[in-house]
Amino acid sequence: MGSDSRSQAINRSVHTKQVITRARRIDPRVFVLVLGVLAVTLAAAPAHAQPRTRADRAVADRALADSSAADSAGARPRGAQALQGVRVTVTRDAARSPLELPFAWSRATIEDRPALRRSGVGDLLLGVPGVQVQDRANPSQDPRIAVRGFGARSAFGVRGVRVLRDGVPLTLPDGQTPLDWLDLESVGRVDVIRGTAAALYGNAAGGVIDFRSRAPSASPFAIDARVWDGGGLQRGSVLASGSRRDTTGLVQGGGWLGSVTRTTGDGPRQWSHLDATSAFVRTLATVAGTRLEVQGTRYDAPRAENTGALTAAELARDPRLPDSLNITRRSRKAVQQSQLSLLAARGDGGNTLNASLFVGARTLDNPLPFAIVAVDRHVAGGSLHGAFRMTRLPWPVRLGGGIDAQRQVDDRLNFENCAALAITAPATTLCPRPGTERGTIRLNQQERVGGLGGYVRAEVEAPHRLFASAALRYDRVNFAVRDRFITATNLNDSGERVLSAVSPMLGISWRARPLVSVYANVSTAFETPTITELTNQDNGAAGLNALLEPQRTRTAEVGVQGMFWSRLRADVALFRATVLDELVPFDVPNQPGRRAFRNAGRTSRQGVETNLNTSTSVFDIGVAHTWSRFAFDTYRVGAANYDGKVIPGTPAHLLQAYVTARRAGWFATIDGTASSRVSADDASTVFAAGYAAWNVRAGYTAPRVGHVRLEPTLGIENMFDRRYAGSVVINATRARYFEPGLPRRLTFVMRIQAE
């Protein structure tokens, strides 16, 4: 590296340190004071033409509730109308305004950013404050999703966040969520609860992400097809849907939707080939006043290669490089997954009853550098929850409650990985058949996880537009291992553990103006280790780790959200969380690719999340900033003392923004992400440098010709070709901490609509 390059690198490092130092001087109490002043100002300010009484608000809500219907018809509501018409159900209550909720809630701005490739969940969640999606550019590894830092430690799948599809859990009872089988083409919107949600959903510390399916077309039959190419991958998808309009008889209305998606290509890096097909179908109807829905999903990925992480030198040389050991050991995965769900809902207004049942199966063949893992999984579960509103009391009261049950059974086999052994090599005890990838069995066990939880919630609608609520949930998660590999030298490691917790929550929301609310809450959460984290012990033993404990979180949060000056949507939230026994990952020495977990004594998290967006007849503009300060309060490993060190995996500053312009069928979008540096180890000795990456897309929505409409789009991702680490592997061995962001690439999307 030349002297000029070294100087620029040093300057960037100094600038990053200055930014972080300035951030540490921010006292969150200042923001609390600002929120208080804002609330008083709002209360004292005139409301102009806005309705002030509950009856007036109800009339306004009804007058503007058709905004969602207008949106589906192509007329996108803007400003106050868009917010007034929003109704959410992610709270497990009747559909209601988010301005009455006592916690931070966001809806991803998918419609504001047209022609998304939907190559990953990061495309859908950009611009949601407090949410970080680390794209690992690795088809064998799911993107890492962190909400307020919870989930940043995940080695695979999503951890620390409860993930749903139309209210049905994708998250397993142990808290792990594989996302490879989620069909993104059929997702219509995403609702996010940021913060501890255990009082509503159980085993989750960071929050809830609910992917809501697209509604069927209002016409009897319509097709929405897309093809795209870019980044070494190609995708084709066809989505067909339709509705019937009968409003008489036993079966009223109804609709259907089906989607088939095929993704293939060699990927953006060496050893990153992907071959995957997914299908999703849903049917809806109202039978005798009960809304029924059946959903089915099928995912088949016979090959998804694991390109692995890089050292700092490899990242600087060429981010497309793979981990050479992953090629030698032919690290990859093959997955098949199916799930069938039945949903039922009855009631409207403040009184609702909802039920769901689901069954699913997943098979996994996963060669890793240290072993070949084969899993045959079966899952089943259901939920029943309801809410009703009593108006005969002096103050209206909402009551709700429900019960959730899930069961997971994994038959797991671990084999020696003999891929590196040539066919001409002599046989060994571990690899008795040279040329065959699978060697001798190292582990054979059945792992069972059962989760059972119930909750109750009460809310009082007090005078002066105050909503005070309390919730309480009890969860019990049972882990059991049945050892099937018992010999004279390998004793029976069968065992069982039961982890349980009571999670309360108190919240208050003040609708200071018809379109502005101020809220606060105090809540707790607990998060168990997954069955994989409990069985992956650093000493190589089978069975359950008896020393690994669940982490428990206490959170206090205040915030304000609403619409200002009829056009500016604002959302500001401040939080502070204390975590006991935080789960911390580390790579097992001399076993590449093998991860184990331990508990930290106590950690603290505080942050400020800000989101602003606005729309006009031409422009959609949004910006989201998250400031975080996460640290170990007490954490020691042997003689090492990590007290005061930064929790790895999450930047102190994360900024995301987008601007979309539309005119006469033409549209263009620019969006970007900027991040400060990220620690990659507990000792805060290794950092991924900060970065800023920008994407641009431009396209044209052509007029219909007959029944067909075309929408071509060209895009450039990472248009300034920044070289950076989009994700880090925490406490990695062999100095392989860095998972590179993708280099500059040209993308093409063609959308074809017909009805």
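Here goes a summary of the coordinates provided.

Criteria and cut-off values
Residues numbered from 1 in each chain as written. Predicted model: local features only at pLDDT ≥ 70, side-chain atom pairs only at ≥ 80, totals over all residues. Heavy atoms only, no water. Core = buried A, V, L, I, M, F, W, Y, C linked by side-chain atoms within 4.5 Å. Buried < 20%, exposed > 50% of the residue type's maximum accessible area, 1.4 Å probe, protein only. Helix = DSSP H or I, 4+ residues; strand = E, 2+ residues; numbered from the N terminus. Contact = heavy atoms within 4.5 Å. Pairing = 2+ DSSP bridges. Phe/Tyr/Trp six-rings, centres within 6.5 Å; stacked < 30°, edge-to-face > 60°. Lys NZ or Arg CZ within 6 Å of the ring centre and 35° of its normal. Patch = residues over 30% accessible without salt bridge, like charges linked within 9 Å, V, L, I, M, F, W, Y side chains within 5 Å. Areas by Shrake-Rupley, 256 points an atom, 1.4 Å probe, with all protein chains shown as cover. Salt bridge = Lys/Arg side-chain N within 4 Å of Asp/Glu carboxyl O. Disulfide = S-S within 2.5 Å.

Judged by nonpolar contacts, the single largest core of 38 residues is most densely connected at Leu124, Ile145, Leu179, Val190, Ile209 and Phe211. Of all the secondary-structure elements, those providing two or more residues to this core are α6 (121-125), β3 (144-147), β6 (187-194), β7 (207-213), β11 (274-287), β12 (290-305) and β15 (372-390). Residues within four places of Val190 in sequence aside, it is in contact with Ser106, Arg107, Ala108, Ile110, Leu124, Leu125, Ile209, Asp210 and Phe211. Among the nonpolar cores identified, the runner-up in size contains 14 residues, and Val88, Val90, Leu200 and Tyr201 belong to it.

With that settled, the discussion passes to the pairing of β11. Where strand β10 (residues 251-265) lies against β11, 13 bridges are found, and the strand directions are antiparallel. The residue bridging Trp256 from the neighbouring strand is Thr283, located in β11. Sheet topology note: the β11/β12 ladder contains 13 bridges and is antiparallel. Counterpart to Thr286 in the pairing with β12 is Arg291.

Pairing is mixed in the open sheet, where five strands are placed in the order β1-β6-β7-β4-β5. Since the sheet does not close on itself, it has two edges, and those belong to β1 (104-107) and β5 (168-169), each with one partner. For strand β4 (residues 162-165) and β5, the ladder comprises two bridges, and the chain directions are antiparallel. Bridge assignment links Leu164 to a residue of β5, and that residue is Pro169.

Right, let's get into the packing of aromatic side chains. On inspection of all chains with the given rule, the structure shows eight aromatic pairs. Plain terms: the ring middles of Tyr635 and Tyr642 are 5.2 Å apart, the flat faces sit at 50° to each other, and that makes the pair tilted. Classification of Tyr635 as buried rests on a relative accessible area of 1%. When the ring centre of Phe280 is taken as origin, the NZ or CZ atom of Arg165, which lies over that ring, is 3.8 Å away. Lying over the aromatic face of Phe687, Arg677 brings its terminal NZ or CZ to 3.7 Å of the ring centre.

It is worth spelling out a nonpolar patch on the surface at this point. A cluster of nonpolar residues, Phe619, Ile621, Val659, Ile670, Trp694 and Phe720, forms a patch on the protein surface that exposes about 480 Å² of accessible area. Structurally, Ile621 is set in strand β24 (residues 619-634).

On to the environment of Gly649. By secondary structure assignment, the location of Gly649 is in the loop between β26 (640-641) and β27 (653-663). For Gly649, a relative accessible area of 0% puts it in the buried group. Placed 38 residues apart in sequence, Gly649 and Phe687 show a C-alpha to C-alpha distance of 9.4 Å.

Per the counting criterion, the structure on display carries one disulfide. Each sulfur in the disulfide pair Cys418 and Cys431 lies 2.0 Å from the other. The sign of the -90° torsion about the S-S bond sets the Cys418-Cys431 disulfide as left-handed. Of the two residues, Cys418 is situated in the loop between β16 (397-417) and β17 (438-462) and Cys431 in the loop between β16 and β17; the sequence distance between them amounts to 13 residues. A relative accessible area of 11% places Cys431 in the buried class.

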